[in-house]
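# Tertiary structure, described
Here's the letter readout for the chains.
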Amino acid sequence: RPDEDQQSAENFGYSHNVIGSEKLLEKIYDENDNYVDQPSFVRARLFDIFIGDWGRHPDNWRWAEFKNEKHNLYRPVPRDRDQAYSKIDGLYPNLVGSLPSRSEIQGFNYTIKRVGRWNLAGRPLDQKFLNEMELDEWITQAKELQRVLTDSLIESSIRFMPPALFAISGEEIIAKLKSRRNDLQRYAKEHYEYLAKTVTILGSERTEKIEITALPGKKVAVDVFKINKYGNIIDTPFYSRRFNAEETKDIFIYGLGKRDIISVSGEKKNKIHVRNIDPQDKDSIYLI
């Protein structure tokens, strides 16, 4: 349960500041020089899937801060593993868990049904901090986990259980972990597709330029650029993603804080619905 200064802790990257999710959201919304390390968060969420930890609400995370001259980067630190290896069985739990709306009610099994719905508790952070990751990155992180999580590592880790407990469930947990590891690429694809259906893109309290381009082939590009105090647009976007109508149905773009500049260009018809939400009614929208 790390908190604040962890400069002496190798396992937390010698971070000088570890904060909670609420504080992280304040920093992300306040300043567009603050970022979450999204590939690291993908890997962390895939590990949740591997060990069956489905209850990943915001308070189950801390965030290690790393500063450089240009920005602050935040990497995920999971905590409170109170749902890992959950045993949920019996007639009534199985009946309830079969409902699409209650897919999270399924125990630690060899496979997972409806991965997206099973991860429902984690959706508030997944929507915000996995919104730039495309399928290739999810598969890359799944392959890396599969490489690291060898049979010998799984077996030796679970054998740290007290012998009396290992005799009851150790071999079963080992077998289930191996099965889930083998399926990680499939689970990565399923969870990616679940999150890709509706994507939320958040600005900050700073002024930004948001470019929305309808591309051929039922695709949409969204790029978000910083605007410095002199009114100059920084060339490299701090957010960039290409969306495909086969995966994405809706994109919600929130221009928070100061007056943002939003440009819309490209083909006139597209199957992806892009909605701009301007809470303070300050943004300028240009059709090109």
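### Some details on the environment of glycine 217
Along the chain, glycine 217 turns up in the loop between strand S6 (208-215) and strand S7 (219-226). As a C-alpha pair, glycine 217 and arginine 43 span 174 residues in sequence and 30 Å in three-dimensional space.

### Side note on the packing of helix H6 (residues 135-148) against helix H9 (residues 184-196)
Two numbers describe how H6 lies on H9: the axes approach to 9 Å, and their chain directions differ by 150°. The orientation of H6 relative to H9 falls into the category roughly antiparallel. In this structure, the crossing between H6 and H9 has a hand that is right-handed. Between H6 and H9, the contacting residues are Leu135, Trp138, Ile139, Ala142, Lys143, Leu145 and Gln146 on the first element and Leu184, Gln185, Ala188, Lys189, His191, Tyr192 and Leu195 on the second. Residue classes in the contact of H6 with H9 are distributed as 9 nonpolar, 3 polar and 2 charged.

### Structural notes on the side chain of glutamine 6
Within the secondary structure layout, glutamine 6 lies in the segment before strand S1 (17-20). Among residues more than four places away in sequence, those in contact with glutamine 6 are Phe12, Tyr14, Ser15, His16 and Val18.

Thresholds applied
Residues numbered from 1 in each chain as written. Predicted model: local features only at pLDDT ≥ 70, side-chain atom pairs only at ≥ 80, totals over all residues. Heavy atoms only, no water. Helix = DSSP H or I, 4+ residues; strand = E, 2+ residues; numbered from the N terminus. Axes fitted to C-alpha atoms, helices over the stretch in contact; angles between N-to-C directions. Parallel < 35°, antiparallel > 145°, perpendicular 65-115°, else oblique. Left-handed = near helix turned anticlockwise from the far one by under 90°. Contact = heavy atoms within 4.5 Å. Nonpolar A, V, L, I, M, F, W, Y, C, P; charged D, E, K, R; others polar.

Note that every value here comes from positions in space, so none of it alone points to a role or purpose.
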